Amino acid sequence: MNVKISAPAKINLYLDILWKRKDGFHNIQSIMQTVSLSDTVSIRTESEGGIRITCSNPIIPQDERNIAWKAAKEYISAFDVDCKGLSIYIEKNIPVCAGLAGGSTDAAAVLLGLNSIYEKASVIELIDCAAKLGSDVPFCLVKGTKITQQKGEDMTSVPPMPDCTILICSSGESVSTAWAYGELDRIHNDFSDRREMRSNIRGMIDGLKGGSLNEVTSNMYNIFEEAVFPLCPKAKETKEKLLALGADNAMMSGSGSAVFGIFTDKEAALKARSALENSERKVFLCRPQ
Ligand code: ATP
């Protein structure tokens, strides 16, 4: 049997750290948005051979280190599936290590694909399975526009982001999420002080509820910019260029280093894409999904 699943990227419209727990885990508050930039995951059942992974991007591990492999393994063992072999092929379009949940969305696509073949899990059970694989995987499973807190499985729906054109830019500066958290701990004294008012999620939620793109873009926030921009000057420069080229607002996604710009005006986005694209910087035109 064959299935082909689209695996869309996410951007963070809002991302802040509330506090650091005693066990070292950071409690975050985020608004995540699915976008139309996608990988494609193809799954074929086989009569033997275990789980095999191939990917169009050779820098991604094509063995048990691939999160899509882990997702298949998790599904098979959690739901006691009688499966002798699987071939999984990932057509990779999403930039890697860029804060766009490229790995997490492939894992979610594998869970959805396997569940469409074997029909073993309810949505709740799939979300539980996703949470074991990584904090962004539950969101990648349900998609849309969600407020997420803590470890990612705590998700609240908010009205969808108003339609717009989004340019996602990647200059290939890759960032380790663990390093970025460490850098923020250093800057914010381990988040041990009372939280100062860095940002306010309320404005963004009101903007989404009222369908106002202007209120959404004017309340964008990502705490990771302050840690990552000093290390990734091309990302910072891309943000400045997006703003100069007419984006309503621009910001880094997740722990970076991809930067996105939001445009009300599609013509301006098309012109900005031509101005920004070069041998070092890839630009993807997409929409909220
Ligand atoms: P997030 O936004 O969830 O923090 P990211 O976009 O920053 O994630 P990924 O692109 O998911 O980062 O890649 C992180 C690491 O995971 C890379 O080192 C990569 O080699 C590894 N990896 C394992 N499987 C995959 C996969 N299917 N796709 C992309 N990366 C993968």
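Summary of the structure given here. What you are looking at is a predicted structure, and each value in this text was computed from that prediction instead of being measured.

**Quick word on the side chain of Thr148**
Relative to the helices and strands, Thr148 resides in strand β5 (residues 145-149). Its relative accessible area of 2% is what places Thr148 among the buried residues. Discounting residues that sit within four places of it in the chain, Thr148 has contacts with Ile28, Gln29, Ser30, Met32, Asp154 and Met155.

**Here we look at helix α9 (residues 233-244)**
Given a rise of 1.5 Å per residue, 12 residues ought to cover 16 Å, and the 17 Å separating the end C-alpha atoms of α9 matches this to within 8%. Buried within α9 we find Ala235, Thr238, Lys239 and Leu242. All buried residues of α9 fall inside an arc of 100 degrees around its axis, so they share one side. Facing away from the buried side of α9, by more than 90 degrees, are the exposed residues Pro233 and Ala244. Check the buried side of α9 and you find it contacts β7 (165-170), α8 (224-228), β9 (249-252), β10 (259-263) and α10 (266-276). Backbone geometry just after α9 places Gly246 at a positive phi near 105 degrees.

**Observations concerning helix α3 (residues 123-133)**
Leu126, Ile127, Cys129, Ala130 and Leu133 are the residues of α3 that are buried. Along the axis of α3, the buried positions cluster into a sector of 160 degrees, meaning they face one direction only. Relative to its buried face, α3 has exposed residues pointing more than 90 degrees away, namely Ile124 and Lys132. In this structure, the buried residues of α3 make contact with α1 (67-78), α2 (102-118), α4 (137-142) and β6 (154-157).

**Comments concerning the site of the ligand**
For the ligand, the set of nearby residues contains 20 residues, the closest of which are Asn66, Cys97, Ala101, Gly103 and Asp136. Between Asp106 and the ligand, the recorded distance is 3.0 Å, taken from a side-chain N or O atom to a nitrogen atom. Here an oxygen atom of the ligand and a side-chain polar atom of Asp136 are 2.7 Å apart. Contact with the protein chains hides 78% of the accessible area of the ligand, taken as 620 Å² for the molecule alone. A total of 4 residues in the shell around the ligand trace back to one element, the largest contributor, which is α2. In terms of residue class, the shell around the ligand is made up of 9 nonpolar, 6 polar and 5 charged.

Here is what the cut-offs are and how they apply
Residues numbered from 1 in each chain as written. Predicted model: local features only at pLDDT ≥ 70, side-chain atom pairs only at ≥ 80, totals over all residues. Heavy atoms only, no water. Helix = DSSP H or I, 4+ residues; strand = E, 2+ residues; numbered from the N terminus. Buried < 20%, exposed > 50% of the residue type's maximum accessible area, 1.4 Å probe, protein only. Contact = heavy atoms within 4.5 Å. Expected span 1.5 Å × (residues − 1). Arc of directions from axis to C-beta. Near = heavy atom within 4 Å. Polar contact = N/O pair within 3.5 Å; in protein donor to acceptor, adjacent residues only side chain to side chain. Areas by Shrake-Rupley, 256 points an atom, 1.4 Å probe, with all protein chains shown as cover. Nonpolar A, V, L, I, M, F, W, Y, C, P; charged D, E, K, R; others polar.

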